[in-house]
Each structure stands twice: as structure tokens, then as C-alpha cells.
Amino acid sequence: MDGYVILGSSTVYGTVSVSLTSTAGDNYSTSFDTSDGAILLPISGDAGLYTLQITTSGGLQFVGEFTI
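The shown structure was predicted, so the numbers you read here are calculated from the model rather than taken from an experiment.

Student: With reference to specific residues and values, describe the sheet that holds strand β5 (residues 49–55).
Tutor: Read from one edge to the other, the open sheet built from four strands follows the order β3-β2-β5-β6, with strand pairing classed as antiparallel. Strands at the two margins of the open sheet, each flanked by one partner only, are β3 (27–33) and β6 (61–67). Across the sheet, the mean angle from the axis of one strand to that of its neighbour is 15°, orientation sign disregarded.

Written as C-alpha cells, this is what we have:
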């Protein structure tokens, strides 16, 4: 989506912490209640490498990367 990334969860992990950073200068952190299904994360949309890190309350980490 223009200016946003949709983050969804097909499994309920409770409330997780989410951070999104990029080589384009993005630096965004929030909490996400995975029982809600999805949230929108704002991004600059500028060219670069974007890294998304999700951490559960139990310490489980998920990391994803994408480029624009």
C-alpha cells in the first residue's frame, strides 16, 4: 500500500513488539496484538533495504527483509 506495509498474523502469539528499519532512514516501533489479524506499518517508500523484526513475549523472534 502507498506509504504502508500490511503486517498480518495467521497464528495468535498475543501482543508482540514490532520494529521496522531501513537503509532509507525508516525507524518505527510498535506493539501488535496478533489476535487482531493485521496492522498497518508506515514506511517512507524510499528505495532501500527494509528489515522487519517481530518479538513475542516469550522471546521468539521473526525477521523479514524486503527491498524497494
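Student: Please set out the nonpolar core residue by residue, giving values where relevant.
Tutor: Formed by Val 5, Leu 7, Val 16, Val 18, Leu 20, Phe 32, Ile 39, Leu 41, Ile 43, Tyr 50, Leu 52 and Ile 54, the largest nonpolar core amounts to twelve residues. Within the residue set of this core, elements represented by two or more residues are β1 (4–8), β2 (15–22), β4 (38–42) and β5. Once you skip the residues sitting within four places of it in the chain, Leu 7 turns out to touch Val 18, Phe 32, Gly 37, Ala 38, Ile 39, Leu 41, Leu 52 and Ile 54.

Student: Describe the environment of Thr 51, and please don't skip the residues or the numbers.
Tutor: In this fold, Thr 51 is placed in strand β5. A relative accessible area of 21% means that Thr 51 is categorised as partly exposed. Considered as a pair, Thr 51 and Asp 26 are 25 residues apart in the sequence and their alpha carbons are 9.6 Å apart. Residue contacts for Thr 51: discarding those within four places in its chain leaves Ser 19, Leu 20, Thr 21, Val 63, Gly 64 and Glu 65.

Student: Kindly report on the packing of aromatic side chains, identifying the contributing residues and their values.
Tutor: Applying the stated criterion across every chain yields a total of two aromatic pairs. When the ring of Tyr 50 is compared with that of Phe 66, the centres are 5.0 Å apart and the planes differ by 10°; the resulting orientation is stacked. Of the two residues, Tyr 50 sits in strand β5 while Phe 66 sits in strand β6, which places them 16 residues apart along the sequence. Of the residues examined, Phe 66 reaches a relative accessible area of 27% and is grouped as partly exposed.

Parameters and conventions
Residues numbered from 1 in each chain as written. Predicted model: local features only at pLDDT ≥ 70, side-chain atom pairs only at ≥ 80, totals over all residues. Heavy atoms only, no water. Pairing = 2+ DSSP bridges. Helix = DSSP H or I, 4+ residues; strand = E, 2+ residues; numbered from the N terminus. Axes fitted to C-alpha atoms, helices over the stretch in contact; angles between N-to-C directions. Core = buried A, V, L, I, M, F, W, Y, C linked by side-chain atoms within 4.5 Å. Buried < 20%, exposed > 50% of the residue type's maximum accessible area, 1.4 Å probe, protein only. Contact = heavy atoms within 4.5 Å. Phe/Tyr/Trp six-rings, centres within 6.5 Å; stacked < 30°, edge-to-face > 60°.

Just distances and angles here, no functional claims.
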